[in-house]
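Each chain, letter by letter, is given below.
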Amino acid sequence: MSNKTSFPTRALGRSGMDITRIGLGAWAMGGNGWAVGWGPQDDAASIAAIRHAVDRGVNWIDTAAVYKLGHSEEIVRQALAQMAPHERPYVFTKCGLTWSAEQPQAMPRRTGAPSSIRRELEGSLRRLGVERIDLYQMHWPAGDGTPLDAYWQELLDLKQAGKVRAVGLSNHNLAQLQAAELLGHVDTLQPPFSAIQRAAGGDLLPWCASHGTGVIVYSPMQSGLLTGKFTRERAQALPQDDWRARHAEFKPPNLERNLALADAFKPIAERHGATVAAVAAAWTLAWPGVTGAILGARSAAQVDGLIGAAELELDAEDLQAIADAIELTGAGAGPLRPPIAEDDSLPANLFS
């Protein structure tokens, strides 16, 4: 790993990796042509975004095999190929969602069979062009009848064999985390978490903090709603091959509440000389137990608008203003703010 980054880093649980507070997410980079795409994308712009994020000091990328049915991982490989080995970021990817090439628009299957996971790993290694994956995560709980014990043991075995450095769970609940931990340590959890989707703050984050499990949260900007640039007109104009066009948070009445909340972030962003998107990400990083946040960008310019979240620390006044705005707008669900530190004159995230 390159030591050039000047951004703060945190230990990712007990994995032995220290990561920057923000990482680059490659979901949207996959493009359209599958069930959960973001509309058409420019591959060259995506590769440039990855290179620019790493040049700016971001030291990890999060992708998944299923993103555009392998294409996102191939984009990451092309970006990595343009970097010297010592400059390359950590690469995190996921398994457990499989698809049929003959039916690309069908929803992926939640597959937990150990034999499938082994095949998926080999596919990811090939597409990414790496010999070992830094973090390998089960994308969702299995939907094919495979018990958690079976697929989690397979991931632990892959780690033991040296195929992956660390193993984690994504989109799993507290009971599933506890069951997995009995078999072998859960290095990381990847839950959805934003000022709109706040449920993880209630039980998952405290559990992870007390068990040495790193947390990388996804969709801290709620897939664009908390960037300060989203509008009602933009929501109405989303193409049908963009999954957001079908999601409840992008439709009334939720849309109005969410946009009102984003507006409440604007004075905080101005006070810190940051973008609304950076404030939205910094809100998630203020929670004890959160190691890093995944920020999606599809161009170098978008990276520059988000990068400030790597160093931005919200103070108690900021966090209370956001909590008040959440209550006023009625946006989302879950706890309103991080636990208040004993000395609330200090940033709450000082104690995480």
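Since the model is a prediction, treat every value here as computed from it, not as a measurement. The numbers attached to residues start from 1 for each chain and follow its sequence in the written order. Totals for whole chains, interfaces and linings use every residue, but because this is a predicted model, local features are given only for residues with pLDDT of at least 70 and side-chain atom pairs only at 80 or more, for both listing and counting. For side-chain calculations, the full set of non-hydrogen atoms in the structure is used, while hydrogens and water are omitted.

Moving on, we get to the packing of helix H4 (residues 148-160) against helix H5 (residues 174-183). For helices, the fitted axis covers only the stretch in contact; all axes are lines through C-alpha atoms, and the angles between them, taken along N-to-C directions, range from 0 to 180 degrees. Helix and strand definitions follow DSSP, with helices as H or I runs of at least four residues and strands as E runs of at least two, each counted in order from the N terminus. In the contact formed by H4 and H5, the axes pass within 10 Å of each other and the chain directions differ by 50 degrees. Between H4 and H5, the angle is such that the two are oblique. The two elements H4 and H5 meet at a crossing, and its hand is right-handed. Of the residues in H5, those touching H4 at Leu148, Asp149, Trp152, Gln153 and Leu156 are Gln176, Ala179, Ala180 and Leu183. Note on residue classes: Ala, Val, Leu, Ile, Met, Phe, Trp, Tyr, Cys and Pro are nonpolar, Asp, Glu, Lys and Arg are charged, and everything else, Gly too, is polar. A breakdown of the residues in the contact of H4 with H5 according to their chemical character gives six nonpolar, two polar and one charged. Working definition: roughly parallel below 35 degrees, roughly antiparallel above 145 degrees, roughly perpendicular at 65 to 115 degrees, and oblique for all remaining angles. Rotating anticlockwise by less than a right angle from the far helix to the near helix defines a left-handed crossing, while the corresponding clockwise rotation defines a right-handed one. The contact definition used throughout considers only heavy atoms, calling two residues in contact when any of these lie within 4.5 Å.

Let us now look at the environment of threonine 20. Along the chain, the position of threonine 20 falls in strand E2 (residues 18-20). Along the backbone, threonine 20 and glycine 57 are 37 residues apart, and their C-alpha atoms lie at a distance of 8.0 Å. Pairs of N or O atoms are called polar contacts if they sit within 3.5 Å, as long as, within protein, a hydrogen donor faces a hydrogen acceptor (for residues adjacent in sequence, only side-chain-to-side-chain pairs). Looking at threonine 20, its side chain comes within polar contact range of the main-chain oxygen of isoleucine 22, at 2.8 Å.

All right, on to helix H8 (residues 254-272) then. Multiply 1.5 Å by the residue count of a helix minus one, and that product is the helix's expected span. The terminal C-alpha atoms of H8 lie 28 Å apart, and with 19 residues this matches the ideal 27 Å at 1.5 Å per residue to within 8%. Within H8, burial applies to Leu255, Asn258, Leu259, Leu261, Ala262, Phe265, Ile268 and Ala269. Buried positions along H8 lie against helix H7 (232-236), helix H9 (276-285) and helix H11 (316-329). Accessible area is worked out with a 1.4 Å probe on protein chains only. A residue is then buried under 20% of its type maximum, exposed over 50%, and partly exposed in between.

Let's shift gears to the packing of H5 against helix H6 (residues 204-211). Interhelical geometry of H5 versus H6 gives an angle of 20 degrees and a closest axis separation of 10 Å. Overall, the two elements H5 and H6 adopt an arrangement that is roughly parallel. The element H5 and its partner H6 pack so that their crossing is right-handed. Between H5 and H6, the residues in contact are Leu174, Leu177, Gln178 and Glu181 and Leu204, Trp207, Cys208 and His211, respectively. Broken down by class, the residue content of the contact of H5 with H6 amounts to five nonpolar, two polar and one charged.

Moving on: the sheet that holds strand E4 (residues 60-62). Spatial ordering of the closed barrel is given by E3-E4-E5-E8-E9-E10-E11-E12, a layout of eight strands whose pairing is parallel. Direction aside, the axes of adjacent strands within the sheet are offset by 30 degrees on average. Following DSSP output, two strands are said to pair if at least two bridges run between them. Pairing analysis gives three bridges linking E4 to strand E5 (residues 90-95), with the strands arranged parallel. Residue isoleucine 61 lies in a different strand from E5, and its bridge partner there is valine 91. Against the sheet, helix H3 (residues 114-128) engages E5, strand E8 (133-138) and strand E9 (164-170), with an angle of about 140 degrees to E8.

Below, the discussion takes up the layout of surface pockets. Considered as a void within the structure, the second largest pocket measures approximately 250 Å³ in volume. Throughout, the protein atoms alone are placed on a 1 Å grid, and a set of points is a cavity if a 1.4 Å probe fits but cannot get out or a pocket if it is open with protein on both sides within 12 Å along at least five of seven lines; lining residues have an atom within 4 Å of a point. In this structure, the second largest pocket is lined by 10 residues; those nearest its centre are Arg88, Pro89, Val130, Arg132 and Asp134. Grouping the constituent residues of the lining of the second largest pocket by class yields six nonpolar, no polar and four charged. Grid points are joined across faces, edges and corners, and a volume is the space filled by probe spheres set on the points.

This part is about the pattern of salt bridges. We count a salt bridge whenever a side-chain nitrogen from Lys or Arg sits within 4 Å of a carboxyl oxygen from Asp or Glu. Within this structure, the stated rule accounts for 10 salt bridges. The salt bridge involving glutamate 154 is made with arginine 118; its shortest N-O contact spans 3.0 Å. In this pair, glutamate 154 sits in helix H4 while arginine 118 sits in helix H3, placing the two residues 36 residues apart along the sequence. Taking the relative accessible area as the measure of exposure, glutamate 154 reaches 9% and is therefore buried. A salt bridge links aspartate 187 to lysine 159, with the nearest nitrogen and oxygen atoms 2.9 Å apart. Here lysine 159 lies in helix H4 and aspartate 187 lies in the loop between H5 and strand E10 (188-190), a separation of 28 residues in the sequence. For aspartate 187, a relative accessible area of 1% translates into the label buried. By relative accessible area, lysine 159 is classed as partly exposed at 31%.

This part is about empty space enclosed by the protein. Tallying each qualifying case throughout the model produces two cavities of 30 Å³ or more. Taken as a whole, the second largest cavity encloses approximately 60 Å³ of empty space. Along the walls of the second largest cavity sit Ile22, Gly23, Leu24, Ala53, Val58, Leu295, Val303, Leu306 and Ile307, which together make up its complete lining. Those elements that provide at least two residues to the lining of the second largest cavity are strand E3 (22-25) and helix H10 (300-306). Sorting elements by how many residues they give to the lining of the second largest cavity places E3 first, with three residues. Looking at the lining of the second largest cavity residue by residue, the class counts come to eight nonpolar, one polar and no charged.

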